[in-house]
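Structural overview for review
Read off the chains here:
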Amino acid sequence: MITVIEQAVQARLVATAPKVETVPVTLCYDRSDPFAVRMAFPALATLEGVEVSWTFARELLMAGIQHPAGCGDVRVRPYDGDRTTIEFHAPEGVAIVLMTTAEIQRFLERSRELVPPGLEHRYLDMDHSLDQLMRGSC
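Not measured: the values here are computed from a predicted model. (Residues numbered from 1 in each chain as written. Predicted model: local features only at pLDDT ≥ 70, side-chain atom pairs only at ≥ 80, totals over all residues. Heavy atoms only, no water.)

Things to note about the overall build of the protein chain
- Within the protein chain, the secondary structure is distributed over three helices and seven strands.
- Beginning at the N terminus, the succession of helices and strands in the protein chain can be written as β-β-β-β-α-β-β-β-α-α.
- Expressed as a percentage of the 138 residues in the protein chain, the buried residues total 33%.
- Just so you have it, the protein chain exposes about 8,500 Å², and 55% of that area is on carbon and sulfur atoms. (Helix = DSSP H or I, 4+ residues; strand = E, 2+ residues; numbered from the N terminus. Buried < 20%, exposed > 50% of the residue type's maximum accessible area, 1.4 Å probe, protein only. Areas by Shrake-Rupley, 256 points an atom, 1.4 Å probe, with all protein chains shown as cover.)

Brief notes about the pattern of salt bridges
- If you walk through the whole model with that rule in mind, you get five salt bridges.
- Across the salt bridge formed by Arg 38 and Glu 6, the nearest N and O atoms sit 3.9 Å from each other. Here Glu 6 lies in strand β1 (residues 4–14) and Arg 38 lies in strand β3 (residues 36–41), a separation of 32 residues in the sequence.
- For the salt bridge of Arg 112 with Glu 109, the shortest nitrogen-to-oxygen distance reads 3.5 Å. Highlighted residues: Arg 112 and Glu 109, both in helix α2 (residues 101–114), separated by three residues, approximately one helical turn.
- Overall, the relative accessible area of 28% leaves Arg 112 in the partly exposed class. (Salt bridge = Lys/Arg side-chain N within 4 Å of Asp/Glu carboxyl O.)

Notes on the side chain of His 89
- Within the secondary structure layout, His 89 lies in strand β6 (residues 83–90).
- A distance of 2.9 Å separates polar atoms of two side chains, one belonging to His 89 and the other to Glu 87.
- In this structure His 89 touches Trp 54, Gly 72, Asp 73, Arg 75 and Val 94, once residues within four positions along its chain are discounted. (Polar contact = N/O pair within 3.5 Å; in protein donor to acceptor, adjacent residues only side chain to side chain. Contact = heavy atoms within 4.5 Å.)

Quick notes on the nonpolar core
- The biggest cluster of nonpolar side chains holds 27 residues, and the ones touching the most others in it are Met 39, Phe 56, Leu 61, Ile 86, Phe 88, Met 99 and Phe 107.
- Breaking this core down by element, the ones donating at least two residues are β1, β2 (21–30), β3, α1 (58–64), β5 (74–78), β6, β7 (93–100) and α2. (Core = buried A, V, L, I, M, F, W, Y, C linked by side-chain atoms within 4.5 Å.)

Looking at the packing of aromatic side chains
- Enumeration according to the criterion identifies three aromatic pairs in this entry.
- Pairing Phe 41 with Phe 88 gives two aromatic rings, centres 5.5 Å apart and planes at 85°, and the pair type is edge-to-face. A residue pair is termed long-range when its members are at least 10 positions apart, and Phe 41 in strand β3 and Phe 88 in strand β6 qualify at 47 residues. Like Phe 88, Phe 41 is buried. (Phe/Tyr/Trp six-rings, centres within 6.5 Å; stacked < 30°, edge-to-face > 60°.)

Structure (structure tokens):
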């Protein structure tokens, strides 16, 4: 049974310079963390020269392809009829990526097949989470 979905997508890094680079990005959804999605950027796309991943709410991504969503470190909004903008805010600055909305929708549909929205709580391992919490407090 499949428990993790990974999907390679193309993203455009939007910068103040006229050159807009396309980079391969990986979207990941893991049934063991049913409320979250992860977006991984390859080393060639980061200032540090190492892969960087951002984890944020699947619900934020679902809402953001329809209308502006988010007010924290990650913000998602439609750009035009075919593309979606995802902004990542960090102390070092802001990274803005532009992705094809259809690719995001395909990824979200695959995640819905694994864990339907509203049923995420059924996939949480509360015993494991409590065990981890208790081990950390000793």
